[in-house]
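A look at the structure
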Amino acid sequence: MFSFIVPVYNRPNEIRELLQSLEQQTYNKPYEIVIVEDGSTISSEKEVSLFHNLPISYYKKENSGPGDSRNYGMRKAKGNYFIVLDSDCILPPHYLETAETSLQNNYVDCYGGPDAAHESFSTVQKAINYAMTSFFTTGGIRGGKKAVDKFQPRSFNMGISKVAFEKTGGYGNIHPGEDPDLTIRIWNNGFTTKLIPEAYVYHKRRIDWNKFYIQVNKFGMVRPILNKWHPETAKITYWFPALFCFGFLMSLLASFLGLPWFLYCYSLYFAVLFVDSLLKNNSIVIAFLSLVAVVIQFVGYGYGFLKSTLTLNSSKKSAQELFPKLFFKL
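The following paragraphs examine the structure supplied in this document. (Residues numbered from 1 in each chain as written. Predicted model: local features only at pLDDT ≥ 70, side-chain atom pairs only at ≥ 80, totals over all residues. Heavy atoms only, no water.)

In total, this model carries 10 salt bridges according to the counting rule given. Among the salt bridges present, the one from arginine 185 reaches aspartate 181, with a minimum N-O distance of 3.3 Å. Here aspartate 181 and arginine 185 lie together in helix H8 (residues 178-188), a separation of four residues that amounts to about one turn. The residues arginine 185 and aspartate 181 share a single accessibility class, namely buried. (Salt bridge = Lys/Arg side-chain N within 4 Å of Asp/Glu carboxyl O. Helix = DSSP H or I, 4+ residues; strand = E, 2+ residues; numbered from the N terminus. Buried < 20%, exposed > 50% of the residue type's maximum accessible area, 1.4 Å probe, protein only.)

A few words now on the sheet that holds strand S7 (residues 115-116). Sheets are built from strands that pair by backbone hydrogen bonding, the pairs being arranged parallel or antiparallel. One open sheet accounts for three strands, arranged S5-S10-S7; its pairing is mixed. Looking at strand neighbours, the two that pair on one side only are strand S5 (89-90) and S7, the edges of this open sheet. In terms of strand pairing, S7 meets strand S10 (residues 201-203) through two bridges, oriented parallel. Bridged to alanine 116 within S10 is tyrosine 202. (Pairing = 2+ DSSP bridges.)

What follows concerns the nonpolar core. Of all hydrophobic cores here, the largest spans 30 residues; its most connected members are Phe4, Leu19 and Tyr111. The set of elements that each furnish at least two residues to this core consists of strand S1 (2-8), helix H1 (12-23), strand S2 (31-38), strand S4 (81-85) and helix H4 (95-105). Of all hydrophobic cores here, the second largest spans 18 residues; its members include Phe244, Tyr266, Leu273 and Ala293. (Core = buried A, V, L, I, M, F, W, Y, C linked by side-chain atoms within 4.5 Å.)

Right, let's talk about the state of the cysteines for a bit. If you walk through the whole model with that rule in mind, you get zero disulfides. Cysteine 89 takes part in no disulfide bond, and the closest cysteine sulfur to it belongs to cysteine 110, at a distance of 16 Å. Using a relative accessible area of 1% as the deciding quantity, one classes cysteine 89 as buried. Distance from the sulfur of cysteine 245, which forms no disulfide, to the nearest cysteine sulfur (cysteine 265) is 16 Å. (Disulfide = S-S within 2.5 Å.)

Enumeration over the complete set of coordinates arrives at 22 aromatic pairs. Measuring from centroid to centroid gives 6.2 Å for tyrosine 27 and tyrosine 31, while their planes differ by 65°, and the two rings are edge-to-face. Judged by its relative accessible area of 11%, tyrosine 31 falls in the buried class. Taking the centre distance of 6.1 Å and the plane angle of 55° together, the rings of tryptophan 229 and phenylalanine 327 count as tilted. Of this pair, tryptophan 229 sits in helix H9 (residues 209-229) while phenylalanine 327 is found in the segment after helix H13 (319-322), placing the two residues 98 residues apart along the sequence. Relative accessible area serves as the criterion here: at 34%, tryptophan 229 is assigned to the partly exposed category. Accessibility expressed as a relative area gives 10% for phenylalanine 327, which makes it buried. An aromatic cluster of at least three residues, connected via ring pairs, comprises Phe2, Phe4, Tyr27, Tyr31, Tyr81, Tyr95, Tyr107 and Tyr111. A cation over a ring is seen here: arginine 70 above tyrosine 171, with NZ or CZ 5.0 Å from the ring centre. Over the ring of tyrosine 238 we find arginine 223; its NZ or CZ atom is 4.3 Å from the centre of that ring. (Phe/Tyr/Trp six-rings, centres within 6.5 Å; stacked < 30°, edge-to-face > 60°. Lys NZ or Arg CZ within 6 Å of the ring centre and 35° of its normal.)

Right, here's the structure in full:
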């Protein structure tokens, strides 16, 4: 039986939208929804109580971060296969049917699905979604059918069997980065993962430009930590955002010195992004905003990655000591 695991922190409106989408599921077998209130000061209990027709288990606990809250929910769940969602997701009606069919045809102990932009999303949300999911920006590693690297399920849309959860111990206390860390440990314990392209969610990404920068900056900072914990997973591709930004600055300098050809290459790249976003979103405004999102993404991630790499390699302290804000105290 499936058990949805949804941690929530001060987001009652998001839970309402997620539960509304679960009401529309075409799946006709028993399943469970486990909602874990992670020390919220703005409770979701009232919204949850409106959905008495859904099989919901609702728990409250002290704040300990999304990873520990997911572990708490999985320990409380009655099902034997958990589907972990972020509270800012909306599911298409076919989600559960699609996931079950795929697992019946080719069972794995962990799967991930892509995130998509719903038509109701704002132009900024759609632009950020493009930057985070495009093959030309992230290489499709967040759910593209074509990817430059092995797909790592992400916790906004991730299925994991009870057996795999118990064997690995679930999520760690790093955040962000708890989902790739868990995926790597799932692999190391002999379990298999896969992408289910049709099991997508609409991921709202409750962020503006500043919050987006902070988010991708943290993504960049945790990657060297994960590389240190799991050196077998370190790849040159993680350096690309930092190298892209450094190369752009060098191209500007070369252009002032009468060598514009390198800058032309960057112009061509941004032109490809613009056209690709235009074709996918059918909006000139979103296409322009996609360029803004990509620049913020590369600068934020690249700076965070470089800073974290240099700090870790120049100190004998642990990552928890160097970057305490990236770890929840359990």
